[in-house]
Amino acid sequence: MADQDAHTVEGRHATELPAIRWEEPPEGPVLVLLDQTRLPAEEVELVCTDAPALVEAIRSLAVRGAPLLGIAGAYGVALAAARGFDVDEAAVALQGARPTAVNLSVGVRRAQAAHRDVLTEGGDPQQAAAAALAAARALHREDAEASARMAGHGLALLDELLPGGGHRILTHCNTGSLVSGGEGTAFAVALAAHRKGRLRRLWVDETRPLLQGARLTAYEAARSGMAYTLLTDNAAGSLFAAGEVDAVLVGADRIAADGSVANKVGSYPLAVLARYHHVPFIVVAPVTTVDPDTPDGVSIEVEQRPGFEVTEITSPRVSIGGAGGGVPVAPLGTQVYNPAFDVTPPELVTAIVTEAGVVSPVTAAALADLLSGQVAQRLEA
């Protein structure tokens, strides 16, 4: 069960309000989310008391972004365990909430395995629930650490590719602290450049149809004091043609074994534009986003979103009465093609930046080496 209006927070800086947190009030543990569907109009927290509420929050994009979905999935398993629900049933529901985002499954499986291991070893349900929560908290902490390392690797790569600073970076969708336990993925790199005085301009695609760029990235850029400019997605080409883009930075929801990248729809056209105009196209994502079990881009399941997201305009504050509660902008019955993601082939990706280092050129062998190195480090630890 979720309480949409549990907390309305006013007068706080974005970085002071976490996108997700675990709380234990007297009535039982809860997962508290910053409802991203209400931004930037208001900062409202959504309180989830069970896994079905979290599933709905994930599907509605109240909580979103690959790394944060992994964290949310792990906490969702812990929540089910702590409240005495069927953990395996909750895990299945959570994993199916956003099929393209591999981090969600990674987080769910990690907490589920911790829970199962305690029970297998003879522990009681309370101990198993504590193990699941510990796994979720560890993943949350690791993601914050990974975010900082990605920012460092990404900034070093930018300085190598574009010596002299004054970077003009184009980004798509939202990849900041709203999608991470830390300061994000691609946005964290731009933020690091800003703090070092090397960011001249952050170009922010509005990212239709749900406007994650306009609503969320611009929100984070403004709060961080960055020089940014918002543009419609189809205006990006004119920016490239005018020589106003030095690099493209995007995140990823799944990276296949061959280096194909699934990201918010609209990323692939940017990669094509970047290649034509000889501009680096850089993907920033944690190692957990690389899925060795998905061989190539064709094998990535691309989520299809509801048609009303395209046929209606919605506001965080206003519901008018269309199928999705928005203002209709297309005739009733219009057929809609609304994929949540598109897939960029590896040959269009200049580099993939992870917390473990940079992969460039992007090949299956290079990604396999990266993953094997990560496995070796975990075994040594």
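Since the model is a prediction, treat every value here as computed from it, not as a measurement.

What follows deals with a nonpolar patch on the surface. On the surface, Ile 313, Val 327 and Val 329 cluster together into a nonpolar patch covering about 260 Å² of accessible area. Relative to the helices and strands, Ile 313 resides in strand β13 (residues 312-313). Among the residues examined, Ile 313 registers a relative accessible area of 52% and is labelled exposed.

This part covers the side chain of Asp 143. Position of Asp 143 relative to the elements: it lies in helix α5 (residues 125-161). An unpaired buried charge is present at Asp 143: no salt bridge exists, and Arg 149, the closest side chain of opposite charge, is 9.0 Å distant. Contact partners of Asp 143, with chain neighbours within four places excluded, come to Pro 67, Ile 71, Ser 180, Gly 181 and Gly 182.

Here we come to helix α3 (residues 87-95). When α3 is considered as a whole, its buried residues turn out to be Val 87, Ala 90, Ala 91 and Leu 94. Buried residues of α3, viewed axially, fall in a sector of 105°; they line one side. Of the exposed residues in α3, those oriented more than 90 degrees away from the buried face are Glu 89 and Val 92. Looking at the buried positions of α3, the neighbouring elements they touch are α1 (51-59), α2 (66-82) and α4 (102-120).

As enumerated under the stated definition, the model contains 2 cavities of 30 Å³ or more in all. Taken as a whole, the largest cavity encloses approximately 240 Å³ of empty space. Every residue lining the largest cavity is counted, 25 residues in all, and those nearest its centre are Arg 64, Gly 65, Cys 173, Asp 253 and Phe 341. Those elements that provide at least two residues to the lining of the largest cavity are α2 and β10 (261-264). The greatest single-element share of the lining of the largest cavity, amounting to 3 residues, is contributed by α2. Grouping the amino acids of the lining of the largest cavity by side-chain chemistry returns 13 nonpolar, 7 polar and 5 charged.

What follows is about the sheet that holds strand β5 (residues 167-171). Pairing within the open sheet is mixed, and its 7 strands lie in the order β7-β6-β5-β8-β11-β16-β17. Since the sheet does not close on itself, it has two edges, and those belong to β7 (228-231) and β17 (357-359), each with one partner. Here the strands of the sheet are splayed against their neighbours by 25° on average, with no regard to which way each runs. Judged from the 3 bridges that link them, strand β11 (residues 281-284) and strand β16 (residues 351-354) form a sheet pairing that is parallel. Its bridge partner being in β16, Ile 282 is matched across the sheet by Ala 351.

With that settled, consider the packing of aromatic side chains. Here the structure, examined in full by the defined rule, presents 1 aromatic pair. When the centroid spacing of 6.0 Å and the interplanar angle of 25° are considered together, the rings of Trp 22 and Tyr 75 count as stacked. Of this pair, Trp 22 sits in strand β2 (residues 20-23) while Tyr 75 sits in helix α2, and the two are 53 residues apart along the sequence. Using a relative accessible area of 11% as the deciding quantity, one classes Trp 22 as buried.

The next subject is the confidence of the model for the chain. Mean pLDDT over the chain: 92, with 91% of residues reaching 70 or higher. Across residues 3-15, confidence stays below pLDDT 50; counting only partners more than four residues off in sequence or on other chains, it has 28 contacts.

Interaxial distance between α2 and α3 falls to 9 Å at its minimum, and their mutual angle equals 155°. In terms of their interaxial angle, α2 and α3 are classed as roughly antiparallel. Seen along the crossing, α2 lies across α3 with a hand that is right-handed. Here α2 contributes Gly 73, Gly 76, Val 77, Ala 80 and Ala 81 to the contact with α3, which in turn contributes Val 87, Ala 90, Ala 91 and Leu 94. Partitioning the contact of α2 with α3 into residue classes produces 7 nonpolar, 2 polar and no charged.

Pairing is mixed across the open sheet formed by 4 strands, whose spatial order is β12-β9-β10-β15. In the strand order of this sheet, the two ends are held by β12 (290-291) and β15 (341-344), each with one partner.

With respect to the secondary-structure elements, Thr 350 resides in the loop between β15 and β16. Through-space distance from the C-alpha of Thr 350 to that of Ala 93 is 36 Å; in sequence the pair is 257 residues apart.

Looking now at the packing of α3 against α4. Their axes nearest at 9 Å, the elements α3 and α4 cross at an angle of 170°. One element, α3, and the other, α4, form an angle in the roughly antiparallel class. Across the interface between the two elements, Val 87, Asp 88, Ala 91, Leu 94 and Gln 95 of α3 pack against Leu 104, Ser 105, Val 108, Arg 109, Gln 112, His 115 and Arg 116 of α4. Its residues assigned to classes, the contact of α3 with α4 shows 5 nonpolar, 4 polar and 3 charged.

This part covers the pattern of salt bridges. A full pass over the atoms with the stated rule returns 15 salt bridges. Of the charged contacts, one joins Arg 116 and Asp 88 as a salt bridge, the two residues approaching to 4.0 Å between their closest N and O atoms. Of this pair, Arg 116 sits in helix α4 while Asp 88 sits in helix α3, and the two are 28 residues apart along the sequence. A relative accessible area of 41% places Arg 116 in the partly exposed class.

Parameters and conventions
Residues numbered from 1 in each chain as written. Predicted model: local features only at pLDDT ≥ 70, side-chain atom pairs only at ≥ 80, totals over all residues. Heavy atoms only, no water. Patch = residues over 30% accessible without salt bridge, like charges linked within 9 Å, V, L, I, M, F, W, Y side chains within 5 Å. Areas by Shrake-Rupley, 256 points an atom, 1.4 Å probe, with all protein chains shown as cover. Salt bridge = Lys/Arg side-chain N within 4 Å of Asp/Glu carboxyl O. Helix = DSSP H or I, 4+ residues; strand = E, 2+ residues; numbered from the N terminus. Buried < 20%, exposed > 50% of the residue type's maximum accessible area, 1.4 Å probe, protein only. Lys, Arg positive; Asp, Glu negative; His and termini not counted. Contact = heavy atoms within 4.5 Å. Arc of directions from axis to C-beta. 1 Å grid on protein atoms, 1.4 Å probe; cavity = no way out; pocket = protein on both sides within 12 Å on 5 of 7 lines; lining within 4 Å. Points joined across faces, edges and corners; volume = space filled by probe spheres on them. Nonpolar A, V, L, I, M, F, W, Y, C, P; charged D, E, K, R; others polar. Pairing = 2+ DSSP bridges. Axes fitted to C-alpha atoms, helices over the stretch in contact; angles between N-to-C directions. Phe/Tyr/Trp six-rings, centres within 6.5 Å; stacked < 30°, edge-to-face > 60°. pLDDT = per-residue confidence, 0-100. Parallel < 35°, antiparallel > 145°, perpendicular 65-115°, else oblique. Left-handed = near helix turned anticlockwise from the far one by under 90°.

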